[in-house]
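Inside the fold
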Amino acid sequence: MLIAGRHESYHETVLLLSVKSAHDPVMTTTHDVIVIGGGPAGSSASAILGEHGHKVLLLEREKFPRYHIGESLIPFTYFPLERLGLVERMKKSHFVQKFSVCFVPPNGKTSQPFYFFNRYDKDTVAQTWQVLRSEFDEILLNNARDKGVEVREQTRVQELLRDGSGKVIGVRAVNHEGVVSDHHARLTIDCTGKEAFSTVRNGWRVRDPYLNKVAVWTYYKGSRREPGIDEGQTTVAFVKDKGWFWHIPQHDDMVSVGVVAEGKYLSRDGVKDPEGIFKREIEENLWIKESLSHGQQVGGYYITSEYTHHARHCGSDGLLLAGDAFAFLDPVFSSGLMFAMKSGVLAGEEVHQALVAGDLSPARFTGYARTLREGVENMRKLVYAFYNPEFSFGKLIKAHADAGGAVTDCLSGDVNKDYSVLWDQIRELVPLPDDLPLGEPKVGGSGLAAE
């Protein structure tokens, strides 16, 4: 049944779609923007919009602090942090400082650390952090609160609300007490991470043709660390068949450590439980084996699969995607947090300008989508090269000494620039994928793939 109603807060008549539910909503609220998800993308977008004075409601299904994987920042995360006003907060935090990345072959012979300050200004992107996500994400969420955002935790979005034309006009949500509410807004931003709430429901999720790995991970206390400035370095330790371990030092003498590889490789010999897989793979890299022998495993073992996915559209009428809901890449170069925060900040600024202009049409966000896709595609090409058995950065630099700077820039998160020369140089060694024709806003209709 369609019910007509007027919302004077944004001076337009909308048709509210009444959806049958086990419980009728007990209240309806109206906002400028609704953000679904309080992770890095959602908190960043909300904070920007709140700072600009917009009425923002952020709905988060969990209670913070909460556990999350993905703990390593890359250098160009500095700029979203700077825009959010959090750089000084990070410098005063107890998060481990990260100055470098190191690569280790299966025989355990460590390469020279790759130092960011050899390329960048020491006062900005030359140093970043290894974070505990429960603490880091809470800092971001509280920053949004401080900017005037209304945050409702333990509130799960059940569905998108649409008017008679299919335009998204808000969400229906239920809190931890089972109370159902409808929330209306001029725009809804989906920042629901890998769950990708609206991406999945709209039929927009596209799997990457190649980048679908499995990760198994856990935590150690007291694992070996390098001395001095190298204490906080990320170590990428290779196993056979292009698999790899991450070893990420955190504060309180904790280390996040996990292995990523093809599912058929990790489940060989009939071993399928995460603990069994992890313990077997420790034997495949001597550096990992020796380093973990100094520590004690704590907590559980975790597993996740089918990493990389993309959204066919960045949004539709009344809806915009940010963060992992838009795209998520294989984690080998730790780009996830940077992309989430970069997209959140960019979304916040773009939506602010759209609200001021009184134009929230999908086409207005074309530039936003193309900026994000350009960055994703640039990093994606390096990830594809990394997993090709015929490629190594050493081979590339030997053939083209000038390629080192471009590789450094892309891996550090400076993803929105012209890397065509670098791609030509890499293609002399291995093939690279074409850009995926994805991300443009869905113009017209409800946005559902079935249309």
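Residues numbered from 1 in each chain as written. Predicted model: local features only at pLDDT ≥ 70, side-chain atom pairs only at ≥ 80, totals over all residues. Heavy atoms only, no water.

Using the criterion set out here, one finds 31 salt bridges in the structure. Between D409 and R119 there is a salt bridge; the shortest N-O distance is 2.8 Å. Of this pair, D409 sits in helix α12 (residues 403-411) while R119 sits in the loop between β7 (114-115) and β8 (128-130); the two residues are 290 residues apart in sequence, bridging distant segments of the chain. When its relative accessible area of 43% is taken as the criterion, R119 is described as partly exposed. Here E377 and R380 are joined by a salt bridge, their closest N and O atoms 2.8 Å apart. Taken together, the positions of E377 and R380, both in helix α10 (residues 366-387) and three residues apart, correspond to about one turn of that helix. The pair E377 / R380 is uniform in exposure class, with both members buried. (Salt bridge = Lys/Arg side-chain N within 4 Å of Asp/Glu carboxyl O. Helix = DSSP H or I, 4+ residues; strand = E, 2+ residues; numbered from the N terminus. Buried < 20%, exposed > 50% of the residue type's maximum accessible area, 1.4 Å probe, protein only.)

Taking strand neighbours across the sheet as the criterion, the seven strands line up as β7-β6-β15-β16-β17-β14-β18 in an open arrangement whose pairing is mixed. The two strands at the open ends of the sheet, each matched to only one other strand, are β7 and β18 (296-305). One ladder, built from six bridges, connects strand β16 (residues 243-249) with strand β17 (residues 254-261); its direction is antiparallel. Bridge assignment links P249 to a residue of β17, and that residue is V255. Of the strands in this sheet, β14 (214-221), β15 (234-239), β16, β17 and β18 are in contact with helix α7 (residues 274-282), which crosses β14 at around 75 degrees. (Pairing = 2+ DSSP bridges. Contact = heavy atoms within 4.5 Å. Axes fitted to C-alpha atoms, helices over the stretch in contact; angles between N-to-C directions.)

Gaps left between atoms show up when a probe the size of a water molecule is rolled over them. Applying the stated criterion to the full structure yields three cavities of 30 Å³ or more. Taken together, G323, D324, F326, A327, F339, A340, S343, L372 and V376 make up the full set of residues lining the largest cavity. Among the elements of the structure, α9 (336-357) and α10 are those that each provide at least two residues to the lining of the largest cavity. Top element by residues in the lining of the largest cavity is α9. It accounts for three residues. (1 Å grid on protein atoms, 1.4 Å probe; cavity = no way out; pocket = protein on both sides within 12 Å on 5 of 7 lines; lining within 4 Å. Points joined across faces, edges and corners; volume = space filled by probe spheres on them.)

We now examine the packing of α10 against helix α13 (residues 420-427). Running from N to C, α10 and α13 point in directions that differ by 15 degrees, and their axes come no closer than 12 Å. Taken together, α10 and α13 sit at an angle that is classed as roughly parallel. Once α10 is placed against α13, the crossing between them reads as left-handed. On α13, the residues that touch N378, K381, L382 and A385 of α10 are W423, I426 and R427. Here the residues of the contact of α10 with α13 are counted per class, giving four nonpolar, one polar and two charged. (Parallel < 35°, antiparallel > 145°, perpendicular 65-115°, else oblique. Left-handed = near helix turned anticlockwise from the far one by under 90°. Nonpolar A, V, L, I, M, F, W, Y, C, P; charged D, E, K, R; others polar.)

Tracing the backbone shows A354 in helix α9. Each C-alpha atom, one on A354 and one on F365, is 8.9 Å from the other, the two residues being eleven residues apart in sequence. The residues contacting A354, other than those within four sequence positions of it, are D359, L360, R364 and F365.

What follows deals with the nonpolar core. L81, F136, I189, V351, F365 and I426 are the most contacted members of the largest nonpolar core, which totals 108 residues. Broken down by element, this core gets its largest block of residues, eleven residues, from α10. Ignoring sequence-local partners within four residues, the contact set of V351 consists of V33, L49, L187, I189, L320 and F365. Formed by 21 residues, the second largest nonpolar core is a distinct cluster that contains V104, F245, Y265 and L266. (Core = buried A, V, L, I, M, F, W, Y, C linked by side-chain atoms within 4.5 Å.)

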